[in-house]
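Below are the chains, spelled out letter by letter.
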Amino acid sequence: MLDHQDLEAEVHPLKNEERKSQENLGNPSKNEDKLKSTPPQSRLSRCRTVAFFLSLFLCLFVVFVVSFVIPCPDRPASQRMWRIDYNAAVIYDFLAVDDINGDRIQDVLFLYKNTNSSNNFNRSCVDEGFSSPCAFAAAVSGANGSTLWERPVAQDVALVECAVPQPRGSEAPSACILVGRPGSFIAVDSFTGETLWNHSSSFSRNASILSPLLQVPDVDSDGAPDLLVFTQEQEEVSGHLYSGSTGHQIGLRGGLGVDGESGFLLHVTRTGAHYILFPCASSLCGCSVKGLYEKVTGRDGPFKNDPHWESMLNATTRRMLSHSSGAVRYLMHVPGNTGADVLLVGSEGFVLLDGQELTPRWTPKAAHVLRKPIFGHYKPDTLAVVVENGTGTNRQILFLDLGTGAVLCSLALPSLPGGPLSASLPTADHRSAFFFWGLHELGSTSETETGEARHSLYMFHPTLPRVLLELANVSTHIVAFDGSHWATAERLLDGAELAPRPACPHLVTGVWEATHLCILLPGIRWLIYWF
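Description of the structure in this document. For clarity, every value in this text was computed on a predicted model and none was experimentally measured.

Parameters at a glance
- Residues numbered from 1 in each chain as written.
- Predicted model: local features only at pLDDT ≥ 70, side-chain atom pairs only at ≥ 80, totals over all residues.
- Heavy atoms only, no water.
- Helix = DSSP H or I, 4+ residues; strand = E, 2+ residues; numbered from the N terminus.
- Buried < 20%, exposed > 50% of the residue type's maximum accessible area, 1.4 Å probe, protein only.
- Areas by Shrake-Rupley, 256 points an atom, 1.4 Å probe, with all protein chains shown as cover.
- Core = buried A, V, L, I, M, F, W, Y, C linked by side-chain atoms within 4.5 Å.
- Contact = heavy atoms within 4.5 Å.
- Pairing = 2+ DSSP bridges.
- Axes fitted to C-alpha atoms, helices over the stretch in contact; angles between N-to-C directions.
- Arc of directions from axis to C-beta.
- Disulfide = S-S within 2.5 Å.
- Phe/Tyr/Trp six-rings, centres within 6.5 Å; stacked < 30°, edge-to-face > 60°.

Digging into the overall build of the protein
Then step 1. The number of helices and strands found in the protein is 7 helices and 32 strands.
Then step 2. The buried share of the protein, reckoned over its 531 residues, is 46%.
Then step 3. When the accessible area of the protein is evaluated, it comes to approximately 26,800 Å², of which 53% is carbon and sulfur surface.

In structure tokens:
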């Protein structure tokens, strides 16, 4: 039961509140004690409010500064296609790509022979002490074709290798090394075109310079890989070792005691030993880098031999067992689980060799290999090799699984002799886009013999195996061709001409990455296609 006061307070709540306020007024000391005992909530609330508005003002100020005061960096507008004409110039079969001007777009380095440089750079062969015409090195922007640098480098060029690392702390992080004729050896800064060093080589005038220029581990302890050049004179191959940072020769010439051909391959066995592999007719020849270093310098170096490989090499001829069907044409590295394997391509077939035992992993059926094979990803993150089998109307493009040698896909694409090499580029779905030159339809016999038929550039992607896209066609002879990509993801199918082809297994959808293709024609005429 409620007493009288509680019942009145429940019935008349406002009157009860009025009575409490009058009691509080009548006892001010008690109210002061209550105020002193309660925390300053109002003061804390004001501080929080001030802190909130200060933070908001600071954020708005930062957004204003970043958006309107600090200018955004200007990025050059990439043209979908650009073209450069050089009059009365002779082109070399060489292209290299690198981001030279720092705009995150791959630029192009190339060589040509002429009397004077282009109109942008008034430099002649005489300015560098060469007779006319001479070899020029040039770098052009991949975005719009503007010339970044250009200069005479040699009387003639026999070998060139770019992206060669320089010592730590060097102003030039990478360089292009050029072996010229007659007897010049020069390193050029890839980003500025300035000469890093220039020396006369020790090659004999009767010596033929063999390709490629190899990079070997640092032997002079200067922090940069060193260079190995091979020459052939009177059917004997010799090796020349040079410092990669100064260009000075290390030791003397070292003869290998065998005849050989171009196509050298620096191979590292699973024991860490370095060996040079190269074609010798229908056999595979080799020599240890340790033995070559001791021969040219007369002292021990930072290399070692592999006992198993030494037992396979004939002590007199330096030849290994022949695994090739016909003459050896190409030697290529193939990444493996425990090290690199070796793909040996002959004139009538090819075989994948174990990188340590040099025993065949698989041998497909005999094939007439037209050009150097290329690698790419037919399945996601699974490497495949692409082989061009046959010529003319019988040309077949085979996609082979590197694990088993099985044929994943086959494309029939007619071609003309002397066409450019194929290329592959990675895409966003962990596969590769493949680019081939060929003829959509072969014309008459006279047209084929005179070379008047038009080369067409086709693109193939495993996610669309029933479609072969025709991207461009060129009627003149193509000297060099290469492809590069950058990071913006786009669709490549919009506006492309579709040419149906035989179906391959699997049909799924995928995302393509933006690419640009560099086509170099005689003259020189550049055609750069962006997708």
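Observations regarding the nonpolar core
Then step 1. One finds Leu 228, Phe 230, Leu 256, Phe 264, Ile 276 and Phe 278 to be the most contacted residues of the largest nonpolar core, which totals 23 residues.
Then step 2. For this core, the secondary structure elements donating two or more residues are β10 (208-216), β11 (226-233), β12 (236-242), β15 (274-280), β16 (283-288) and α5 (289-297).
Then step 3. Among the elements that line this core, the one with the most residues is α5, at 4 residues.
Then step 4. When sequence neighbours within four positions are dropped, the list of residues in contact with Phe 230 reads Ser 208, Ile 209, Leu 210, Leu 214, Val 237, Ser 238, Gly 239, Leu 256, Phe 264, Ile 276 and Leu 292.
Then step 5. Core analysis: the next-biggest nonpolar cluster, separate from the first, contains 19 residues, Ala 137, Val 153, Ala 154 and Cys 176 among them.

Details of the sheet that holds strand β17 (residues 328-334)
Then step 1. In spatial order, the strands read β17-β18-β19-β20; together these 4 strands make up an open sheet with antiparallel pairing. This sheet does not close on itself; its edge strands, each paired only once, are β17 and β20 (360-362). Across the sheet, the mean angle from the axis of one strand to that of its neighbour is 35 degrees, orientation sign disregarded.
Then step 2. Summarising the sheet, strand β18 (residues 341-346) and strand β19 (residues 350-353) pair through 4 bridges and their orientation is antiparallel. Pairing of Val 345 across the sheet is with Phe 350, part of β19.

Points about α5
Then step 1. Looking at α5, one finds that the buried residues are Val 289, Lys 290, Leu 292, Tyr 293, Val 296 and Thr 297. The buried residues of α5 occupy an angular sector of 165 degrees when projected down its axis, which confines them to one face.
Then step 2. Count one or two residues on from α5 and you reach Gly 298, which has phi positive near 75 degrees.

Focus on the state of the cysteines
Note on terminology: a disulfide is the covalent bond linking the sulfur atoms of two cysteines.
Then step 1. The final tally for this structure, using the stated rule, is 3 disulfides.
Then step 2. What pairs with Cys 125 in a disulfide is Cys 134, and their sulfur atoms sit 2.1 Å apart. Between Cys 125 and Cys 134 the sulfur-sulfur dihedral comes to about -90 degrees; the bridge is accordingly left-handed. For the pair Cys 125 and Cys 134, one class covers both residues: buried.
Then step 3. Across the disulfide, Cys 280 is cross-linked to Cys 285 (sulfur-sulfur distance 2.1 Å). Across the S-S bond of Cys 280 and Cys 285 the torsion is about -135 degrees, and the bridge reads as left-handed. With respect to class, Cys 280 is no different from Cys 285; both count as buried.
Then step 4. Cys 285 supplies the cysteine sulfur nearest to Cys 287, a cysteine that is in no disulfide, at a spacing of 9.4 Å.
Then step 5. By relative accessible area, which is 9% here, Cys 287 ends up buried.

Brief notes about the packing of aromatic side chains
Then step 1. Counted according to the given criterion, the structure contains 19 aromatic pairs.
Then step 2. Between Phe 52 and Phe 53 the ring centres are 5.4 Å apart and the planes differ by 75 degrees, which places this aromatic pair in the edge-to-face class. This pair shows no difference in class: Phe 52 is exposed, exactly as Phe 53 is.
Then step 3. Seen in terms of ring centroids, Phe 399 and Phe 460 are 5.2 Å apart; in terms of plane orientation they differ by 45 degrees. Their pairing is tilted. In this pair, Phe 399 sits in strand β23 (residues 396-401) while Phe 460 sits in strand β27 (residues 455-460), placing the two residues 61 residues apart along the sequence.
Then step 4. Assessed through its relative accessible area of 0%, Phe 399 is described here as buried.
Then step 5. Among the aromatic side chains, those forming a connected cluster through ring pairs are Tyr 378, Phe 399, Phe 434, Phe 436 and Phe 460.

Section: the side chain of Ser 117
Then step 1. Within the secondary structure layout, Ser 117 lies in the loop between β3 (107-114) and β4 (134-140).
Then step 2. Residue classification places Ser 117 among the buried residues on the basis of a relative accessible area of 12%.
Then step 3. Excluding anything up to four places from it in sequence, Ser 117 contacts Tyr 112, Asn 122, Arg 123, Phe 136 and Glu 150.

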